[in-house]
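Survey of secondary and tertiary structure
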Amino acid sequence: MTIDKGIFIQNIYYMLSYAFQILKQEDYQKVAGEKFDKIHDLFAAILEKGVARQLKQGLYREYVPMQEDLSVMRGKLNINDTIALKVQRKQKLSCEFDEFSEDNLYNQILKVSIHRLIKADDVANERKQALKKLIVFFGNVSLIQPDHIAWNRLIYQRNNRNYELLLNICYLVLNGMLQTTEDGAYKLITFSDEHMERLYEKFILEYYRQHHSELNPKSAQVKWNLTETPDDKMIQFLPAMQTDITLQKGDKILIIDAKYYGNSMAQNHSKETLRSAHLYQIFAYVKNMDKQNTGNVSGLLLYAKTEEGVFPDGEPFVIGGNSIGAKTLDLNQEFKVISYQLDKIVKQYFN
């Protein structure tokens, strides 16, 4: 099993499978058993299976606004453009209408992602051949530029729920492949900490939801413990506090802030220290949630372990009556070891 950025690539698959339950379905079981040398080869394998599965059901269609010059009326007439056609002595009507089409943003993202993976150097030839067979079915779908994709326009509902995993994989692929070489080939850039941090957070939350549902795992908003009512004009300037993971058993609460950084520790006069911004953040979450100062709310910075020689993994501090700790999760292990580390945190804080 090979390593990419200090993580078994196979474990990235397991993390994805918790974040997106669809990966646990039978179609993807072959992918789970394969060995991968490159992270984008894993993504290509997931897309290969997922897109093939979607093609059997049919590509997602939705109503797309169209405008065409037609000989007969269809939809809504565009008066100004029709007059312009008449001036040009063209016997056409400018019509605006909605067409139920597969040429929509969802399928466009799939197509450009497959296109990029086919041309990438870091994808196995057998995977490229399989993707070439799939892209043929996207003949009616436009090939768009990935840097113009409006990711915030994607909405998942019952008719396109299967696209959520596929388009999240596409996001990771396209945001790691935006560089091109001088000869026009696509070059895979480093799989960034920003990409992994989102997956890391969601994986930990979903792991606890599946294995420790009794703790009601969730991402919760922490309200500021305001002792006086502020001016309405000023309250809008307070930043929102949203936890990555909150676990609760009775009156005991644990707030986990998941951190995925190339360097988890900071250098301060040749001394390794916790990052002050991270410590202030988790402290603010804990103290504002523990409004009665009971000490029942604890905070934990959970770092993904890197190759650093020094990393946080000791007993928590007690600050102002609340437990504030920092630990590392070693992702460069067999998955059963990762599972043991996460279960151990629950035992430590909830006994």
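All values derive from a computational prediction rather than experimental measurement.

Per the counting criterion, the structure on display carries 15 aromatic pairs. For the pair Tyr106 and Tyr156, a centre-to-centre distance of 6.4 Å together with 70 degrees between the ring planes defines the contact as edge-to-face. Placement of Tyr106 in helix α5 (residues 105-119) and of Tyr156 in the loop between α6 (125-135) and α7 (163-174) is noted, with a sequence separation of 50 residues between them. Taken as a pair, Tyr106 and Tyr156 share a single burial class, namely buried. Each residue in the set Tyr13, Tyr14, Tyr18, Phe203, Tyr207, Tyr208 and Phe335 is aromatic and connected to the rest through ring pairs, giving one cluster.

It is worth spelling out the environment of Glu102 at this point. Of note, Glu102 is situated in the loop between β5 (93-101) and α5. A relative accessible area of 13% places Glu102 in the buried class. Residues Glu102 and Val64 lie 38 residues apart in sequence; the distance between their C-alpha atoms is 8.7 Å. Leaving out residues up to four positions away in the same chain, Glu102 has contacts with Leu59, Tyr60, Arg61, Asn107, Phe137, Asn140 and Val141. Within the local environment of Glu102, its side chain forms a polar contact with the side chain of Arg61, the two groups lying 3.3 Å apart.

Next up on the list: the pairing of β5. For strand β3 (residues 62-70) and β5, the ladder comprises nine bridges, and the chain directions are antiparallel. Counted as the bridge partner of Leu70 is Leu93 from β5. Pairing analysis gives two bridges linking strand β4 (residues 76-77) to β5, with the strands arranged antiparallel. Its bridge partner being in β5, Leu77 is matched across the sheet by Cys95.

What the largest pocket holds in volume is close to 360 Å³. Lining of the largest pocket is provided by 15 residues; of these, Phe20, Leu167, Asn168, Tyr171 and Arg198 occupy positions nearest its centre. Counting only elements with at least two residues in the lining of the largest pocket, the list comes to α1 (9-19), α7 and α8 (193-211). Counted by class, the lining of the largest pocket contains ten nonpolar, two polar and three charged residues.

A separate point is the sheet that holds β4. Strand order across the open sheet formed by three strands is β3-β5-β4, with antiparallel pairing between neighbours. The open sheet terminates on both sides in strands that have one partner only, identified here as β3 and β4. Of the strands in this sheet, β3, β4 and β5 are in contact with helix α4 (residues 79-87), which crosses β5 at around 125 degrees.

Under the criterion given, the structure shown has six salt bridges. Taking the shortest distance from any N to any O, the salt bridge between Arg161 and Glu164 comes out at 3.1 Å. For Glu164, a relative accessible area of 22% puts it in the partly exposed group. In this structure, the salt-bridge partner of Arg209 is Glu206, at a minimum N-O distance of 2.8 Å. Within this pair, Arg209 and its partner Glu206 are both found in helix α8, separated by three residues, close to a single helical turn.

Next up on the list: empty space enclosed by the protein. With the rule as written, the count across this model stands at one cavity of 30 Å³ or more. Of all elements in the fold, only α3 (39-57) and α7 reach the threshold of two or more residues within the lining of the largest cavity. Element by element, the count of residues in the lining of the largest cavity is highest for α3, at four residues. Looking at the lining of the largest cavity residue by residue, the classes come out as four nonpolar, four polar and one charged.

This part takes up unusual backbone geometry. For Arg89, which is not glycine, the phi dihedral falls at a positive 60 degrees. Within the secondary structure layout, Arg89 lies in the loop between α4 and β5.

Moving on, we get to the pairing of strand β14 (residues 297-304). Within β14, eight of the eight residues are buried, which leaves the element mostly enclosed by the surrounding structure. For strand β11 (residues 252-259) and β14, the ladder comprises seven bridges, and the chain directions are parallel. By the bridge assignment, Ile255 is partnered in β14 with Gly299. Sheet topology places β14 next to strand β16 (residues 322-329); six bridges connect them, and they run parallel. Paired with Leu300 across the bridge in β16 is Gly325.

The buried fraction of α1 amounts to ten of the eleven residues, a majority that puts the element mostly inside the structure. Taken together, the buried positions of α1 are occupied by Ile9, Gln10, Asn11, Ile12, Tyr13, Met15, Leu16, Ser17, Tyr18 and Ala19.

In this section: α7. If you check α7, its first and last C-alpha atoms are 16 Å apart, about what twelve residues at 1.5 Å a residue would give, namely 16 Å. Looking only at α7, the buried set comprises Tyr163, Leu165, Leu166, Leu167, Ile169, Cys170, Tyr171, Leu172, Val173 and Leu174.

The rules behind each value
- Residues numbered from 1 in each chain as written.
- Predicted model: local features only at pLDDT ≥ 70, side-chain atom pairs only at ≥ 80, totals over all residues.
- Heavy atoms only, no water.
- Phe/Tyr/Trp six-rings, centres within 6.5 Å; stacked < 30°, edge-to-face > 60°.
- Helix = DSSP H or I, 4+ residues; strand = E, 2+ residues; numbered from the N terminus.
- Buried < 20%, exposed > 50% of the residue type's maximum accessible area, 1.4 Å probe, protein only.
- Contact = heavy atoms within 4.5 Å.
- Polar contact = N/O pair within 3.5 Å; in protein donor to acceptor, adjacent residues only side chain to side chain.
- Pairing = 2+ DSSP bridges.
- 1 Å grid on protein atoms, 1.4 Å probe; cavity = no way out; pocket = protein on both sides within 12 Å on 5 of 7 lines; lining within 4 Å.
- Points joined across faces, edges and corners; volume = space filled by probe spheres on them.
- Nonpolar A, V, L, I, M, F, W, Y, C, P; charged D, E, K, R; others polar.
- Axes fitted to C-alpha atoms, helices over the stretch in contact; angles between N-to-C directions.
- Salt bridge = Lys/Arg side-chain N within 4 Å of Asp/Glu carboxyl O.
- Expected span 1.5 Å × (residues − 1).

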